[in-house]
Amino acid sequence: MSNPILNDNMFNKARTYSSAETMTTNGAIMKAFILALVFSVVAIFTYSYLKANTYNYNVPVGTFIIAPSIAAFIVSLIISFKPTTAPFLSVVYSIFEAVALASISYLFNSLYEGIVFEAIACTMIVFFTMLFLFRTGIIQVTAKFRAIMFTAISSVAIFYIIMLVLSLFGIRPDWYYGNSMISIGISIVIIGIAAFSLILDFDFIVEGENSGMPKYMEWYAAFGLMVTILWLYLEILKLLAKLKESD
């Protein structure tokens, strides 16, 4: 499996639906482009709005982060449990995530000028590097590779949950939230896991075509790929902030 969105269980669910049209790699790529375009437009609008209206903090930026994040999480759960909703809910997910991440990016950039551009550039570099490694066969998806990734992603998910619970009680360990070498090391490991998740996302799309999955799975695959890319971007953004703090 790659991320919790794209995994072998989705193939089993998809096989229960009959469709005259089947999933294609080009179709999934086009759907991913559409989601990326929607995300970019909404993110740019949100960022511009915050930049123009947060003078003297007259706009509660936190509201632009918390509410959309919760909404995006709920939508992602619906899509995960009912993949047939992906053709329309994946766009809704992209909109909510765009508002949330644009707001987070605005806050980071207000502290470290230019960090958002750096994070976007690094994310694109990692994405195309992993795509190259996948397309050339330098990294191949094997059963062992999948098992390792499953363990790694599950561990990160548990780690996130623990950190969230601790933060609810006002506990924010400096070894994770700070800029120590341990904190930076943790971020690098998580970024590495997110990067290799892209390899499995690519493989999911190819296997979807080879298995003759229904057409709606193109949207589902595109949605899952978006989840990984946005996760990667956010972790890179956090790492860059830690590095700037440590200077």
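This section reports on the structure supplied with the text. (Residues numbered from 1 in each chain as written. Predicted model: local features only at pLDDT ≥ 70, side-chain atom pairs only at ≥ 80, totals over all residues. Heavy atoms only, no water.)

Focus on the side chain of Ser197
Mapped onto the elements, Ser197 comes out in helix H8 (residues 181-210). Of the polar contacts made by the side chain of Ser197, one reaches the backbone oxygen of Ile193; its length is 2.9 Å. (Helix = DSSP H or I, 4+ residues; strand = E, 2+ residues; numbered from the N terminus. Polar contact = N/O pair within 3.5 Å; in protein donor to acceptor, adjacent residues only side chain to side chain.)

Things to note about the packing of helix H6 (residues 143-168) against H8
Closest axis-to-axis distance for the H6/H8 pair is 10 Å, and the angle between their directions is 135°. Put simply, H6 runs oblique to H8. As for how H6 packs across H8, the hand of that crossing is left-handed. Side by side, H6 and H8 meet where Phe145, Arg146, Met149, Ala152, Ile153, Val156, Phe159 and Tyr160 of the first sit next to Ile186, Ile190, Ile193, Phe196, Ser197, Ile199, Leu200 and Asp203 of the second. (Axes fitted to C-alpha atoms, helices over the stretch in contact; angles between N-to-C directions. Parallel < 35°, antiparallel > 145°, perpendicular 65-115°, else oblique. Left-handed = near helix turned anticlockwise from the far one by under 90°. Contact = heavy atoms within 4.5 Å.)

Brief notes about the pattern of salt bridges
One pass over the full model with this rule turns up five salt bridges. One salt bridge in this structure joins Glu218 and Lys31, with 2.7 Å as the shortest N-O distance. Placement of Glu218 in helix H9 (residues 217-246) and of Lys31 in helix H2 (residues 25-53) is noted, with a sequence separation of 187 residues between them. Under the relative-accessibility criterion, Lys31 is labelled buried at 14%. Note that Glu118 is salt-bridged to Lys244, the shortest N-O span being 3.3 Å. You can see Glu118 sitting in helix H5 (residues 115-135) and its partner Lys244 sitting in helix H9, a full 126 residues away along the chain. Classification of Glu118 as partly exposed rests on a relative accessible area of 31%. (Salt bridge = Lys/Arg side-chain N within 4 Å of Asp/Glu carboxyl O. Buried < 20%, exposed > 50% of the residue type's maximum accessible area, 1.4 Å probe, protein only.)

So, the packing of aromatic side chains
Taken as a whole, this structure holds 11 aromatic pairs when the rule is applied. Taken together, a centroid distance of 5.2 Å and an interplanar angle of 85° make the contact between Phe127 and Phe128 edge-to-face. In this structure Phe127 comes out as buried when scored by relative accessible area, which is 15%. Look at Phe128 and you get partly exposed, because its relative accessible area is 46%. Relative to Phe202, the ring of Phe127 has its centre 5.6 Å away and its plane inclined at 80°; by these criteria the two rings are edge-to-face. Remark: Phe202 occurs in helix H8 and Phe127 occurs in helix H5; sequence separation between them is 75 residues. Taken together, the ring pairs in this structure connect Phe127, Phe128, Phe134 and Phe202 into an aromatic cluster. Arg172 extends its terminal NZ or CZ atom over the ring of Tyr177, reaching a point 3.9 Å from the ring centre. Seen from the ring of Tyr176, Lys242 lies directly overhead, with NZ or CZ sitting 4.8 Å from the centre. (Phe/Tyr/Trp six-rings, centres within 6.5 Å; stacked < 30°, edge-to-face > 60°. Lys NZ or Arg CZ within 6 Å of the ring centre and 35° of its normal.)

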